[in-house]
Structure formats: structure tokens, C-alpha cells
Amino acid sequence: MSDAGNPFEAMMKMGQDMAKAMNPALEGFTPKGFENMMPTMSADMMEQFMGKTFNPEGLDAKTRLLLTLMALTIQGAQAESQIRLTVRHLVEAGATKQEIAETIAQAAMFGGVPAMSKAMELATEVLDAGQEGKS
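A few points on the structure.

Reading the values: rules and limits
- Residues numbered from 1 in each chain as written.
- Predicted model: local features only at pLDDT ≥ 70, side-chain atom pairs only at ≥ 80, totals over all residues.
- Heavy atoms only, no water.
- Helix = DSSP H or I, 4+ residues; strand = E, 2+ residues; numbered from the N terminus.
- Contact = heavy atoms within 4.5 Å.
- Areas by Shrake-Rupley, 256 points an atom, 1.4 Å probe, with all protein chains shown as cover.
- Patch = residues over 30% accessible without salt bridge, like charges linked within 9 Å, V, L, I, M, F, W, Y side chains within 5 Å.
- Salt bridge = Lys/Arg side-chain N within 4 Å of Asp/Glu carboxyl O.
- Buried < 20%, exposed > 50% of the residue type's maximum accessible area, 1.4 Å probe, protein only.

## Overview of the overall build of the chain
What the chain contains, in helices and strands, is seven helices and zero strands. Order of helices (α) and strands (β) in the chain, N terminus to C terminus: α-α-α-α-α-α-α. For the chain, the proportion of contacts with a sequence separation of at least 24, taken over those separated by at least 6, is 57%. Within the structure as shown, the chain displays about 8900 Å² of accessible surface, and the carbon and sulfur contribution to it stands at 61%.

What follows is the structure, encoded as C-alpha cells:
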């Protein structure tokens, strides 16, 4: 039940009701459900779309993804699905756990320790899940 005196809660409820009316399947929608629909791109595909294909002297896909991870972390690690997806792509692009951790740690200077802590937690979750899949 929403609090009529809380406009934020009322707007959230209105948005949820509208989404359910447009697509009843959205009632069970979760961000992780959306995340599971997004496959991890292959290293070759990432290099083609985000790497040196259009600018041979430019940044490679791994570097671009590390910069993306830093930006997502600085935002306060609010984009949990995007952080997990970016970490999955980084692993595919050849980034090491050390490089991922250092990128997130560097972001603490700009986004703060709470943002860094949340991003570290999300990255660890992805990396641990990846290790389970390799066993």
C-alpha cells in the first residue's frame, strides 16, 4: 500500500501499475532477470564494436570497459546490472581480477568508499560465479 503523502512512493506505484497494464509479464520482472537476457559478448565482438576497429590507434575494448567500470562505480554503484555485465565483459576481454579491483579502488577517490565497496561486492559476485562455472 502506498502512502498518499509520499509523492515518490505514489509515482513509483503509478509507474509499476502502468508497466503491469502494458505487459502483465512485467509483474515478475527483476533487474537480474533483465541482466540474464544480456549475453556476454565474445572478445572478438567487443573488440569490433568497442575496440580499435574504427580507430586503429585508439583504445582497445578492455581499456574502454575498465573506464566504463570506473564511471559506473563513481556514479555510486547504482547500476548494479550494468556493473555485473561490464565485469563479465571485462573477463571476456582479458582483464585480470587485479585490474578490475584496481579500477574500482581508484574510483573511490572520486565516488567515495561506499560506492567502491558496493562495486567490489558486485564484481566479486560475478567473478565468484565465473569460477564456479569453470569447476
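## Points about the environment of A71
Mapped onto the secondary structure, A71 falls in helix α4 (residues 61-74). Separated by 12 residues in the primary sequence, A71 and I83 have C-alpha atoms spaced 9.7 Å apart.

## Overview of a nonpolar patch on the surface
Taken together, the side chains of I74, M109 and F110 define a hydrophobic patch exposed on the protein surface, amounting to about 330 Å² of accessible area. Topologically, I74 is positioned in helix α4. Take I74: its relative accessible area is 32%, and that puts it in the partly exposed class.

## Side note on the pattern of salt bridges
Oppositely charged side chains can form a pair if their charged atoms are brought close together. As enumerated under the stated definition, the model contains five salt bridges in all. Linking E125 and R84 is a salt bridge whose minimum nitrogen-to-oxygen distance equals 3.6 Å. Taken together, the residues E125 in helix α7 (residues 113-134) and R84 in helix α5 (residues 80-92) connect sequence positions 41 residues apart. Given the relative accessible area of 32%, E125 is considered partly exposed. Put simply, K118 and E121 hold a salt bridge, and the shortest N to O gap is 3.2 Å. A residue pair is termed a helical-turn pair when its members lie 3 or 4 positions apart in one helix, as K118 and E121 do in helix α7 at three residues.

Keep in mind these values describe shape, not function.
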